[in-house]
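So you can see what is in the structure, the chains are spelled out below.
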Amino acid sequence: MLDLQEYKCLGAALRVALDRWPDEVCLIEADRDREKARFTYRQFRDAALPLARALQDASFPIGTRAAIIMTNQSKWLISAYAIFFCGGVLVPLDYKLTPVEQIQLLVHSKAEFLIVEYHAWKAIAQASNFTTLATRVVIVTEAPASADRAGAKRWEDFRGPGEPCFVTREAKDPACIVYSSGTAGRPKGCVLTHENYLEQCMAVTPIFPFSPGDRYLSIIPTNHAIDFMGGFIMPFTGGGAVVHLRTLRPEFIRDAFTRYKITYMAVVPLILTNLQRGLRERFAALSPMKRRMLNALISINRALTHRGPRLGLSRALLKDVHQTLGGSLRALLVGGAFTEPATITFFHDLGIPIYNGYGCTEACTAITLNDQKPFRPETVGRPVPRMEIRTRDQDAEGVGEVIVRSKTIMSGYLDDPEMTAETIVDGWLLTGDLGRIDATGHLQLFGRKKNMIVTEEGKNIYPEDVESVFEGIAAKEYCAFATNFLWPARTMAGEQLVMVIRPESGQPVGEQTAASLAERNRRLLNYKRVSGYLIWDADFPRTASLKIKRAELADQIRKTVGREAVIPL
Amino acid sequence: MTTIEKTTDDVLQLASAHFKVPREQLRADDDFFKTLGINSLQALDLLTRLEQHFHIELPDYELQGVSDFRTLAERIQSRL
């Protein structure tokens, strides 16, 4: 493992890593059961440097912003390294956003370069706001030979002759602009510095150390802070390897575990519950006798691991179960959204080393980690090393807003000093999440102060961002809220959005309005949809500039009606 | 050559059988996440089933932004 204290920037650390373990495998790309590419550290360097040279030949001054829109694959990491090598700022964008949203973020980030998979570029080139795109150079991967690339260059041919010039950055310089959420409304581009990443990596690697032979299965999109750290920076600075799988189909994920002897994987709760379902189905198919035996072994394992995981013992006791996950798994990390304690308990009882965590992009990923020593599935664990954590404005039960301070906290939101000042106060990041820290330092979460939701897939959704598709519906005014913001609930599970409708005077909200709401709702990506609507028979309170006073409206609604008034869509 | 109507019908039949929802409850323009009560990973399961039936390979990204049976059938049709 590199001593990251010696480095000021990601490019420098990665550059040394590529020379430190030249013959170790650093990256494998598989699609279903086919291995598409495999790179040693030397081969990775040899693939990235001509790309870096070509970027520089296309004029890439220090600090140039370059965006990536790709599914998890080898060209993602090769391109990212080339950008860091040239002293650029990486803008990793979510490939699951709509093309219109991607363009909005490209414009917001002022990215001059875009490296993008062909299918995504094709969709972007057909988007209604394509003409607003101002990227100077677009490089597409895997474009068919005859494809119309709409002016883009082919990644595979984008190679410059000669050595590129390595450009170093200072610790406080921006490394990435990561959009934690927001597209149409007010994009939240977290500016994360080289120091943020190096600090986070130093804090987390003692818990999840990488060395040659260790392999991380990368299935959370790499633009997500969790995968960028766990599926790039951590393994690469430790001599480990990343395995990319270009499908999320459960049968191939299971296959990859065994085939590649995976040691680490990070998942969002949605994938974890899917794995749980798969294992449950397997258990249900066992004969009654085998089922009884399994239950007995699970009970023994549970009793023997209550104080902390005992991996060797669990692997011996529940060999078949562990074999389905390859038999080499050292940690299954779950983050990105709230995980039900029952799901954590299920895996813990099987002796699968599960770590749930809590974090946010603004803090460069992890704030707390739960190593289950002792078993506390109702909490998100204790702060990672060098992370200060407090709660403020506590209620009678000790629940308050979680605030954190560390060198991993972003420098701010891109081009939004006002929102930055509201979020980082005296060096403390106000998370907007409500929690309680107990005597042992464990954090338990109890909901949110802010008007937003996080889905099981780890997507942050702000109500303001879904409102634009409802423009033109038969209503005087409308406004979206997180249901738990309107009616606080002490949970972060099953969060939903609700649309509040103020009908035109004298016009009842009938089937037609509901149908038009449902139709508009379907234009949103499935995880962004509102779950129902609420009729509100009074004008919305507004500011002098006619903006809706959301907090005041929420207060009025809360005092008048309850959740039962929501009509499902 | 299979028509889009036949492809759509096959998609509906297979979705009905795979998720055990009566065929008559499914319509081509339905939002399959809602009608079938499934999440995005379960939708990928359906994609695997459809691949087997149509003898094609559909990358995961083909499902991106698709939430109704008709559009899904169109994506399949373009690869037949």
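Nothing here was measured: the structure is a model prediction, and the numbers come from that model.

Draft legend 1. Here's a closer look at the interface of chain B and chain A. Across the contact, 12 residues belong to chain B and 15 residues belong to chain A. The element that contributes the greatest number of residues to the side of chain B that touches chain A is helix H3 (residues 40–54) of chain B, accounting for four residues. By residue class, the composition of the side of chain B that touches chain A is four nonpolar, six polar and two charged.

Draft legend 2. Local environment of the packing of helix H1 (residues 10–20) of chain A against helix H3 (residues 74–85) of chain A. All names here are of chain A. The geometry of H1 relative to H3 is characterised by a closest axis approach of 8 Å and an angle of 120 degrees between their N-to-C directions. Here H3 runs oblique to H1, going by the angle between their axes. Crossing of H1 against H3: the hand is left-handed. In this structure, H1 uses Leu10, Gly11, Leu14 and Arg15 to contact H3, whose residues at the interface are Tyr81, Phe84 and Phe85. For the contact of H1 with H3, the residue count by class is five nonpolar, one polar and one charged.

Draft legend 3. Expanded view of the domain arrangement of chain A. Residue and element names in this part refer to chain A. The domain boundaries assigned to chain A delineate domain 1 (4–266), domain 2 (268–448) and domain 3 (460–568). For domain 2 versus domain 3, the separation of C-alpha centres amounts to 32 Å. Facing the six residues of domain 2 at the interface are seven residues of domain 3. In terms of residue class, the side of domain 2 that touches domain 3 is built from three nonpolar, one polar and two charged.

Draft legend 4. Geometry of the pairing of strand S5 (residues 113–117) of chain A. Residues and elements named next belong to chain A. When you tally the buried positions in S5, you get five out of five residues, the bulk of the element. Burial of the side chains of S5 extends over both faces: Phe113, Ile115 and Glu117 are buried on one face and Leu114 and Val116 on the other. Bridge count for strand S3 (residues 65–69) against S5 is four bridges, and the pairing is parallel. Bridging across to S5, Ile69 finds its partner in Val116.

Draft legend 5. The confidence of the model for chain B, seen in detail. Scored by pLDDT, chain B comes out at a mean of 90, with 99% of its residues at no less than 70. Both confidence scores are given for the complex: pTM 0.90, ipTM 0.88.

Draft legend 6. Geometry of the pairing of strand S18 (residues 400–405) of chain A. Residue and element names in this part refer to chain A. Taken together, the five bridges between strand S17 (residues 388–392) and S18 define a ladder with antiparallel strand orientation. Across the sheet, Arg392 pairs through a bridge with Glu401, a residue of S18. Two elements, S18 and strand S21 (residues 428–437), share four bridges in a ladder whose sense is antiparallel. From the neighbouring strand, Ile403 faces S21, where its bridge partner is Leu430.

Draft legend 7. Representation of the sheet that holds strand S25 (residues 477–482) of chain A. Residues and elements named next belong to chain A. The strand order across the open sheet built from four strands is S25-S26-S27-S28, with neighbouring strands paired in mixed fashion. The open sheet has two free edges, formed respectively by S25 and strand S28 (567–568), since each of these has just one partner strand. In the sheet, strand S27 (residues 532–535) pairs with S28 via two bridges, with the strands oriented antiparallel. Paired with Tyr533 across the strands is Ile567, a residue of S28.

The rules behind each value
- Residues numbered from 1 in each chain as written.
- Chains lettered and ligands numbered in written order.
- Predicted model: local features only at pLDDT ≥ 70, side-chain atom pairs only at ≥ 80, totals over all residues.
- Contact = placed C-beta atoms within 7 Å.
- Helix = DSSP H or I, 4+ residues; strand = E, 2+ residues; numbered from the N terminus.
- Nonpolar A, V, L, I, M, F, W, Y, C, P; charged D, E, K, R; others polar.
- Axes fitted to C-alpha atoms, helices over the stretch in contact; angles between N-to-C directions.
- Parallel < 35°, antiparallel > 145°, perpendicular 65-115°, else oblique.
- Left-handed = near helix turned anticlockwise from the far one by under 90°.
- Domains from an automatic or database assignment.
- Buried ≥ 20, exposed ≤ 12 C-beta atoms within 10 Å, placed from the backbone.
- Pairing = 2+ DSSP bridges.
- pLDDT = per-residue confidence, 0-100.

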